[in-house]
Amino acid sequence: MKNKTFLATLTLSASLFLAACGSAASDSSSSDVTSAEATEPVKVTLGVVGEVNEPWDYVIEELKEKENIEVEMVKFTDYTTPNNALAEGEIDLSSFQTEIFMDNYNKDHGTELTTIGYTVMAPLGLYSEKITDISELKDGDTIAIPNDVSNEGRALILLQTAGLITLDPEAGLVPTTEDVVENRLNLQFQTLESNQTARALQDVTASVINSGMAVDAGFIPSEDAVFLEPVTEDSKPYYNVIAALSKDVDNEVFQTIVKYYQSEGTAKVIEESSKGSQFPVWDEAK
């Protein structure tokens, strides 16, 4: 009788032990799933223009390590396609354009792309394979300039600042070649897509090239430009921005991305990677 009682007790104990183990395994498995779900990164797509994006490389690494935010850069070769992609929801953010360029895009396309943060001032430059100083320009020389509204105007203002032409002041920040009222050298203007102005250097005397396009073409703007756009208190329309759809202005993840970009670490990378050709402007923009 005692043996039967002992066996019954042993069986009951074993059953309780296995049940407890099963419960613990179940709890552990559930905990592992919850933990895995909690560590899934938040994914964001960012449209940029050009191959060289060292400041964003730095920011993306910081965000992944410290915030579990995974930003994928989608690289474009022109200035219109990334705005189309953002407007249509194919990407979440963009970082490549000046505020005035974005405003003109919105006006032309009826979209509501919005600035959620400022990045850099990237001066426009006049480049040449034929001259080393603007004083070497001759009568009738041809200069290539971007053909979109904001960049064409900006290029012409650059040439006016260099003392080469005079523009009708009524044209404001968006003059066209029709607004040139004085052209002492009878310069000829060849208007091209922004991503073609660097490629045109062999065919023209000089070309006005956006900073990012110049870098992709192998130039260091602060060293290689024949004439570089000055940075003044009137430069704010040409500040580059991080853009989102207007409905996403207060998105916490996007604001975190802006915060990490607008940091001392990023400022150092901008200075080093651009060799002094670009300038952080988020403090000035406040």
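Scroll up a little and you will see the structure.
Residues numbered from 1 in each chain as written. Predicted model: local features only at pLDDT ≥ 70, side-chain atom pairs only at ≥ 80, totals over all residues. Heavy atoms only, no water.

### Some thoughts on the pairing of strand S12 (residues 239-245)
Across the 7 residues that make up S12, a large majority, 7, are buried. Bridging between strand S3 (residues 93-98) and S12 involves 3 bridges; their strand directions are antiparallel. Its bridge partner being in S12, Ser94 is matched across the sheet by Ala243. (Buried < 20%, exposed > 50% of the residue type's maximum accessible area, 1.4 Å probe, protein only. Helix = DSSP H or I, 4+ residues; strand = E, 2+ residues; numbered from the N terminus. Pairing = 2+ DSSP bridges.)

### A closer look at the sheet that holds strand S9 (residues 188-192)
The sheet built from 5 strands is open, its strands ordered S9-S6-S10-S5-S11 with mixed pairing. This sheet does not close on itself; its edge strands, each paired only once, are S9 and strand S11 (227-228). Taken together, the 3 bridges between strand S5 (residues 125-127) and strand S10 (residues 206-209) define a ladder with antiparallel strand orientation. When the bridges of S10 are listed, Tyr127 appears paired with Ser207. Here helix H5 (residues 149-161) sits on the sheet in contact with S5, strand S6 (142-146), S9, S10 and S11, set at roughly 140° to S6. (Contact = heavy atoms within 4.5 Å. Axes fitted to C-alpha atoms, helices over the stretch in contact; angles between N-to-C directions.)

### As for the packing of aromatic side chains
Evaluation of the coordinates by the stated rule reveals 7 aromatic pairs. Pairing Tyr118 with Tyr239 gives two aromatic rings, centres 6.2 Å apart and planes at 85°, and the pair type is edge-to-face. Highlighted residues: Tyr118 in strand S4 (residues 113-121) and Tyr239 in strand S12, separated in sequence by 121 residues. The two residues Tyr118 and Tyr239 agree in class, both being buried. Here Tyr261 and Trp282 contribute two aromatic rings whose centre-to-centre distance is 5.8 Å and whose plane-to-plane angle is 85°, an arrangement assigned as edge-to-face. (Phe/Tyr/Trp six-rings, centres within 6.5 Å; stacked < 30°, edge-to-face > 60°.)

### Some details on the layout of surface pockets
In this model, the largest pocket occupies a volume close to 700 Å³. Elements with a contribution of two residues or more to the lining of the largest pocket: strand S1 (42-49), helix H2 (54-67), S3, S4, H5, helix H6 (211-216) and helix H9 (264-274). Its residues placed into classes, the lining of the largest pocket shows 17 nonpolar, 15 polar and 5 charged. (1 Å grid on protein atoms, 1.4 Å probe; cavity = no way out; pocket = protein on both sides within 12 Å on 5 of 7 lines; lining within 4 Å. Points joined across faces, edges and corners; volume = space filled by probe spheres on them. Nonpolar A, V, L, I, M, F, W, Y, C, P; charged D, E, K, R; others polar.)

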